Amino acid sequence: AHLAALVLARGGSKGIPLKNIKLLAGVPLIGWVLRAASDAGVFHSIWVSTDHDEIEKVAKQFGAQVHRRSPEVSQDSSTSLEAIREFLNHHPEVDIVGNIQATSPCLHPSDLIKVADLIQKEGFDSVFSVVRRHQFRWSEVKKGENKMTEPQNLNPAKRYRRQDWPGELYENGSFYFAKRNLIEKGYLQGGKMAYYEMRAEHSVDIDIDIDWPIAEQRVLSFGYFGKEPLKEVKLLVCSIDGCLTNGRIYVTEDQKEMVSYDYRDIVGVELLKKRGIQVRLISERDCSKTLPAIQLGCTAKVGTANKLQVLEDWKKDMGLSWKEIAYLGNEESDVECLKKAGMSGVPADACALAQKAAGYICKSSGGCGAVREFAEHIFLLLEKVNSARKQ
């Protein structure tokens, strides 16, 4: 049976404009679930249903195919079921749809693998995600009604301790898997049904977590970052032109070159050094005359036509693995380095190819704080590494 992952990502959003591709911890929101779906290895195809060009572009960057939904199912009043049924009408090869919500960035491949087994091997017609909550419910008293509230799931005279009460299961909206025949009848849940209980820390819904910084902290703590475990970064290699500087070259009347950099980036480099992380600089251009003026005290390789070879030489000399190297670049010449490095980033104004290859896209532009921002991202991921070690 053809199992397709389908992420619905409409361009319109009442709360946050183009929320589905807004950067969350350096990754477009939709990218988190597409990465998890891809690495799960259980889907015959992965699709994004959208009505927006920018969302289509991001979806393809993460390896998904795109179904351009019609205006009829792209309205504020359109339901998920309508969009899924339209998708199935155009794709008769699909037997089972795994509808994954773009707003669930802490989804892990292990969850999707287990759900695929439930529906493919154990014969369930539909499977949906739930989370366990320990919340006491009371009946609602509407304004103007002369009534008392009543307990719904507790005895006030004998309140449970959390450890003595298993709690209740609530849909968390992370995913809904269903067979074609069920969807065609107008249901996402029906037939032989099963729920899949997700861990509470993985149940993050951006529709609820309106505070984006809080959501980012949750993702950094509990999100899925790839098949291989994170390692402690020991080397950051930074492209000079367009990352450390803004890429502009100023020429004085006596033909001397000058460049512009942001003091925040210098502080970022110093903070990295204090954490024991080496920082090295690289450039295609021979900027040896202007580089000393920045006074970073870093090893630098300038005038190089092959950045990847330099990076491989440094890796070998320091006895590092790729997972221990971070790379910040911004041009096509940085793409292969970005793909190889265990942690990769680009400034906000990097070229499209570099953005596609990077794991983190800074909010800051080159020469305007991008190095400092990427350093902070490295520090946050190091906290995740240390937390995993303690566990």
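Residues numbered from 1 in each chain as written. Predicted model: local features only at pLDDT ≥ 70, side-chain atom pairs only at ≥ 80, totals over all residues. Heavy atoms only, no water.

- For the chain, an unreviewed UniProt entry supplies the name N-acylneuraminate cytidylyltransferase and the organism Atlantisia rogersi.
- On record in UniProt, under Pathway (unreviewed entry), the comment for the chain is "Amino-sugar metabolism; N-acetylneuraminate metabolism."
- The UniProt entry for the chain carries this comment under Catalytic activity (unreviewed entry): "an N-acylneuraminate + CTP = a CMP-N-acyl-beta-neuraminate + diphosphate". (UniProt positions renumbered as here; feature names shortened; annotations may be inferred.)

### Here's the deal with the overall build of the chain
Thought 1: The secondary structure content of the chain amounts to twelve helices and 17 strands.
Thought 2: Sorting the 391 residues of the chain into buried and exposed places 49% on the buried side.
Thought 3: Here the contacts in the chain between residues at least 6 apart in sequence split such that 65% fall between residues at least 24 apart.
Thought 4: Element-wise, carbon and sulfur atoms account for 47% of the exposed surface of the chain, whose accessible area totals about 19,700 Å².
Thought 5: Charge-centre separation for the chain: the mean point of 53 positive side chains lies 5 Å from the mean point of 52 negative side chains. (Helix = DSSP H or I, 4+ residues; strand = E, 2+ residues; numbered from the N terminus. Buried < 20%, exposed > 50% of the residue type's maximum accessible area, 1.4 Å probe, protein only. Contact = heavy atoms within 4.5 Å. Areas by Shrake-Rupley, 256 points an atom, 1.4 Å probe, with all protein chains shown as cover. Lys, Arg positive; Asp, Glu negative; His and termini not counted. Charge placed at Lys NZ, Arg CZ, Asp CG, Glu CD.)

### Remarks on the pattern of salt bridges
Thought 1: All told, the structure shown has 18 salt bridges when counted by the stated rule.
Thought 2: A salt bridge links Lys121 to Asp117; the shortest N-O distance between them is 3.6 Å.
Thought 3: The class for Lys121 is exposed, based on a relative accessible area of 67%.
Thought 4: For Asp334, the salt bridge identified is with Lys307, shortest N-O distance 2.8 Å. Of this pair, Asp334 sits in the loop between strand E15 (325-328) and helix H10 (335-340) while Lys307 is found in helix H9 (residues 307-318), placing the two residues 27 residues apart along the sequence.
Thought 5: The network of salt bridges with shared partners includes Asp53, Glu56, Lys60 and Arg68. (Salt bridge = Lys/Arg side-chain N within 4 Å of Asp/Glu carboxyl O.)

### Digging into the sheet that holds strand E1 (residues 3-8)
Thought 1: In spatial order, the strands read E5-E4-E1-E6-E8-E7-E9; together these seven strands make up an open sheet with mixed pairing. Of all the strands in the sheet, just strand E5 (65-68) and strand E9 (193-198) have a single pairing partner and so form its edges. Adjacent strand axes in the sheet meet at a mean angle of 30° when their direction is disregarded.
Thought 2: Where E1 lies against strand E4 (residues 45-50), five bridges are found, and the strand directions are parallel. (Pairing = 2+ DSSP bridges. Axes fitted to C-alpha atoms, helices over the stretch in contact; angles between N-to-C directions.)

### Looking at the pairing of strand E8 (residues 168-179)
Thought 1: Inspection of the sheet shows strand E6 (residues 96-100) paired to E8 by five bridges, in the antiparallel sense. Note on E8: the bridge partner recorded for Ile100 is Phe175.

### Observations regarding helix H8 (residues 263-274)
Thought 1: If you check H8, its first and last C-alpha atoms are 17 Å apart, about what twelve residues at 1.5 Å a residue would give, namely 16 Å.
Thought 2: Buried within H8 we find Asp265, Ile266, Gly268, Val269 and Leu272. The buried side chains of H8 occupy one side of the element, clustering within an arc of 155° when seen end-on. In this structure, H8 carries Tyr263 and Lys274 as exposed residues pointing more than 90 degrees from its buried face.
Thought 3: The first or second residue beyond H8 is Gly276, which carries a positive phi of 85°. (Expected span 1.5 Å × (residues − 1). Arc of directions from axis to C-beta.)

### What to know about the sheet that holds strand E14 (residues 299-301)
Thought 1: With parallel pairing, six strands are arranged side by side in an open sheet as E14-E13-E10-E15-E16-E17. Only two strands of the sheet have a single neighbouring strand rather than two, namely E14 and strand E17 (360-361).
Thought 2: On top of the sheet, H9 reaches strand E10 (235-239), strand E13 (278-282), E14 and E15; it is set at about 155° to E13, its chief contact.

### Section: the pairing of E5
Thought 1: Sheet topology note: the E4/E5 ladder contains four bridges and is parallel. Within E5, the position partnered with Val48 by the bridge is Val66.
Thought 2: Running through helix H2 (residues 53-61), the crossover from E4 to the neighbouring parallel element E5 is right-handed. (Right-handed = clockwise from strand over helix to strand, strands pointing away.)

### Some words on the packing of aromatic side chains
Thought 1: Enumeration according to the criterion identifies seven aromatic pairs in this entry.
Thought 2: Considering the side-chain rings of Trp32 and Phe225, the 5.2 Å spacing of their centres and the 85° angle between planes classify their relative orientation as edge-to-face. One end of the pair, Trp32, is in helix H1 (residues 29-40); the other, Phe225, is in the loop between helix H6 (212-222) and E10, with 193 residues separating them in the sequence. Like Phe225, Trp32 is buried.
Thought 3: Ring centres of Tyr360 and Phe374 lie 6.1 Å apart, and the angle between their planes is 40°; this geometry places the pair in the tilted category. (Phe/Tyr/Trp six-rings, centres within 6.5 Å; stacked < 30°, edge-to-face > 60°.)

### A word on the environment of Val94
Thought 1: Residue position: Val94 is located in the loop between helix H3 (80-90) and E6.
Thought 2: Residue Val94 is classed as buried on the basis of its relative accessible area, which comes to 0%.
Thought 3: Put simply, Val94 and Val259 are 165 residues apart on the chain and 55 Å apart in space, counted from C-alpha to C-alpha.
Thought 4: Among residues more than four places away in sequence, those in contact with Val94 are His2, Ala4, Phe87, Leu88 and Arg180.

### With respect to helix H4 (residues 109-120)
Thought 1: Here H4 spans 16 Å end to end across twelve residues, near enough to the 16 Å set by a 1.5 Å rise per residue.
Thought 2: For H4, the complete set of buried residues consists of Pro109, Asp111, Leu112, Val115, Ala116, Leu118 and Ile119.

### Comments concerning the environment of Leu381
Thought 1: Mapped onto the elements of the fold, Leu381 is located in helix H12 (residues 370-390).
Thought 2: Here Leu381 falls in the buried class, since its relative accessible area comes to 4%.
Thought 3: Residues Leu381 and Ile16 lie 365 residues apart in sequence; the distance between their C-alpha atoms is 26 Å.

### Thoughts on the domain arrangement of the chain
Thought 1: Taken domain by domain, the chain comprises domain 1 (3-222) and domain 2 (235-389).
Thought 2: Here domain 1 and domain 2 have C-alpha centroids that lie 37 Å from each other.
Thought 3: Counting residues at the interface gives ten residues for domain 1, matched by ten residues for domain 2.
Thought 4: When the buried surface of domain 1 facing domain 2 is broken down by residue, Leu23, Gln61 and Leu220 rank first, second and third, together holding 53% of it.
Thought 5: Viewed at the interface, domain 2 and domain 1 are joined by one salt bridge.
Thought 6: Across the pair Glu216 and Lys363 runs a salt bridge whose closest N-O atoms are separated by 3.8 Å.
Thought 7: Taken together, domain 1 and domain 2 are joined by zero residue pairs in polar contact (both at pLDDT 80 or more).
Thought 8: The biggest single contributor to the side of domain 1 that touches domain 2 is H6, with five residues.
Thought 9: When the residues that make up the side of domain 1 that touches domain 2 are grouped by side-chain class, the tally is five nonpolar, four polar and one charged. (Domains from an automatic or database assignment. Buried area = accessible area lost by both parts, 1.4 Å probe. Polar contact = N/O pair within 3.5 Å; in protein donor to acceptor, adjacent residues only side chain to side chain. Nonpolar A, V, L, I, M, F, W, Y, C, P; charged D, E, K, R; others polar.)

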